[in-house]
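An overview of the molecular structure
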Amino acid sequence: MENWITSIMEQFGYIGIFLLIMIENLFPPIPSEVILTFGGFMTTHSNLTILGVVIAATIGSVVGAIVLYGVGFVINVDRIEKIVDRWGHILRLTREDIHKANAWFEKYGVWTVFFCRFIPLIRSLISLPAGMARMNFWVFLALTTVGTFIWNVVLVNIGAAVGDSWETIVGYMDIYSNIVYAVLAVLFIVLMWFFIKKRFKK
């Protein structure tokens, strides 16, 4: 997948970055870390600039987020689950992924939209519960744009700084992702334990 991503970026530049990041928001398993760090690396030996890559990536991410917000706005959880049950193997999504994003939004409110932009997988899916909760669109757009912009600035600049070693950063980001997934799994187990304990007390 990495070779396919880097090939598109080399051929189509900013447009390729925009499209890949937009798709990454709709299909979370596509690694934004590869897109952004390689985009940063490309600024060291092409006509691409750091600002241009950041802007293209931010616009692509925001467009993808708006699409998912719209999906969440017009359909409920039950319908999303049915879609995931039928097409989840293609989208690489499960019901658990949807439930995690929804739980984060319900627990932490609108600021989840901002902070989840720094959490792999959930950074994309959080747009769905935001739409289902009928979150104010302009607040959603502002928080999404700011959070995404920060994420993009950091990774693109890292890619530009390390140059040919950009793949090393992707490796570190994989470790970061695995740690985040582990923490989320532990939190989910703890929450379930408290929930079950509370039910038994009743």
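To keep things clear, this report deals only with the structure shown in the data block. (Residues numbered from 1 in each chain as written. Predicted model: local features only at pLDDT ≥ 70, side-chain atom pairs only at ≥ 80, totals over all residues. Heavy atoms only, no water.)

**Digging into the overall build of the protein chain**
A tally of regular secondary structure across the protein chain gives 10 helices and 0 strands. Helices and strands in the protein chain line up, N terminus first, as α-α-α-α-α-α-α-α-α-α. The buried share of the protein chain, taken over its 202 residues, is 45%. Sequence separation of at least 24 residues holds for 76% of the intrachain contacts in the protein chain that already meet a minimum separation of 6. (Helix = DSSP H or I, 4+ residues; strand = E, 2+ residues; numbered from the N terminus. Buried < 20%, exposed > 50% of the residue type's maximum accessible area, 1.4 Å probe, protein only. Contact = heavy atoms within 4.5 Å.)

**Structural notes on the nonpolar core**
By size, the foremost hydrophobic cluster in this structure holds 18 residues, and its most contacted members are Met 9, Ile 17, Ile 21, Ile 35 and Leu 36. Sorting the residues of this core by element identifies α1 (2-26), α2 (32-42), α3 (50-74) and α9 (137-162) as the ones contributing at least two each. For Leu 36, the residues in contact, after removing those within four places along its chain, are Ile 21, Ala 57, Trp 151, Asn 152, Leu 155 and Val 156. Membership of the second largest hydrophobic core comes to 8 residues, among which are Ala 65, Val 113, Phe 114 and Ala 130. (Core = buried A, V, L, I, M, F, W, Y, C linked by side-chain atoms within 4.5 Å.)

**A closer look at the environment of Val 146**
Position of Val 146 relative to the elements: it lies in helix α9. Separated by 88 residues in the primary sequence, Val 146 and Thr 58 place their C-alpha atoms 9.0 Å from one another.

**What to know about the packing of aromatic side chains**
What the rule picks out here adds up to 7 aromatic pairs. Relative to Phe 115, the ring of Phe 114 has its centre 5.0 Å away and its plane inclined at 80°; by these criteria the two rings are edge-to-face. Across the ring face of Phe 73, the terminal group of Arg 134 is positioned such that the distance to the ring centre comes to 4.2 Å. (Phe/Tyr/Trp six-rings, centres within 6.5 Å; stacked < 30°, edge-to-face > 60°. Lys NZ or Arg CZ within 6 Å of the ring centre and 35° of its normal.)

**Some words on the environment of Val 153**
Among the structural elements, Val 153 can be located in helix α9. Along the sequence, Val 153 and Ala 57 sit 96 residues apart, while their C-alpha atoms lie 9.5 Å from each other.

**Here we look at the packing of α3 against α9**
The N-to-C vectors of α3 and α9 enclose an angle of 145°; their axes lie 8 Å apart at closest approach. Crossing geometry of α3 relative to α9 is assigned as right-handed. Of the residues in α9, those touching α3 at Ile 50, Val 53, Val 54, Ala 57, Thr 58, Ser 61, Val 62, Ala 65, Ile 66 and Tyr 69 are Phe 137, Phe 140, Leu 141, Thr 144, Thr 145, Thr 148, Phe 149, Asn 152, Val 153, Val 156, Asn 157 and Ala 160. Classifying every residue of the contact of α3 with α9 gives 15 nonpolar, 7 polar and no charged. (Axes fitted to C-alpha atoms, helices over the stretch in contact; angles between N-to-C directions. Left-handed = near helix turned anticlockwise from the far one by under 90°. Nonpolar A, V, L, I, M, F, W, Y, C, P; charged D, E, K, R; others polar.)

**Looking at the side chain of Thr 144**
Here Thr 144 shows up in helix α9. Within polar-contact distance, the side chain of Thr 144 engages the side chain of Arg 117 at 3.2 Å. Once residues within four sequence positions are removed from consideration, Thr 144 is found in contact with Val 62, Ala 65, Val 113 and Arg 117. (Polar contact = N/O pair within 3.5 Å; in protein donor to acceptor, adjacent residues only side chain to side chain.)

**Brief notes about the packing of α2 against α9**
Between α2 and α9, whose axes approach to 6 Å, the crossing angle comes to 50°. Considering their axes alone, α2 and α9 lie oblique with respect to each other. Handedness of the α2/α9 crossing: right-handed. Every residue of α9 that contacts α2 at Ser 32, Glu 33, Leu 36, Thr 37, Gly 40 and Phe 41 is listed here: Trp 151, Asn 152, Leu 155, Val 156, Gly 159 and Ala 160. (Parallel < 35°, antiparallel > 145°, perpendicular 65-115°, else oblique.)

Honestly, that's just the spatial picture; any functional story needs more than this.
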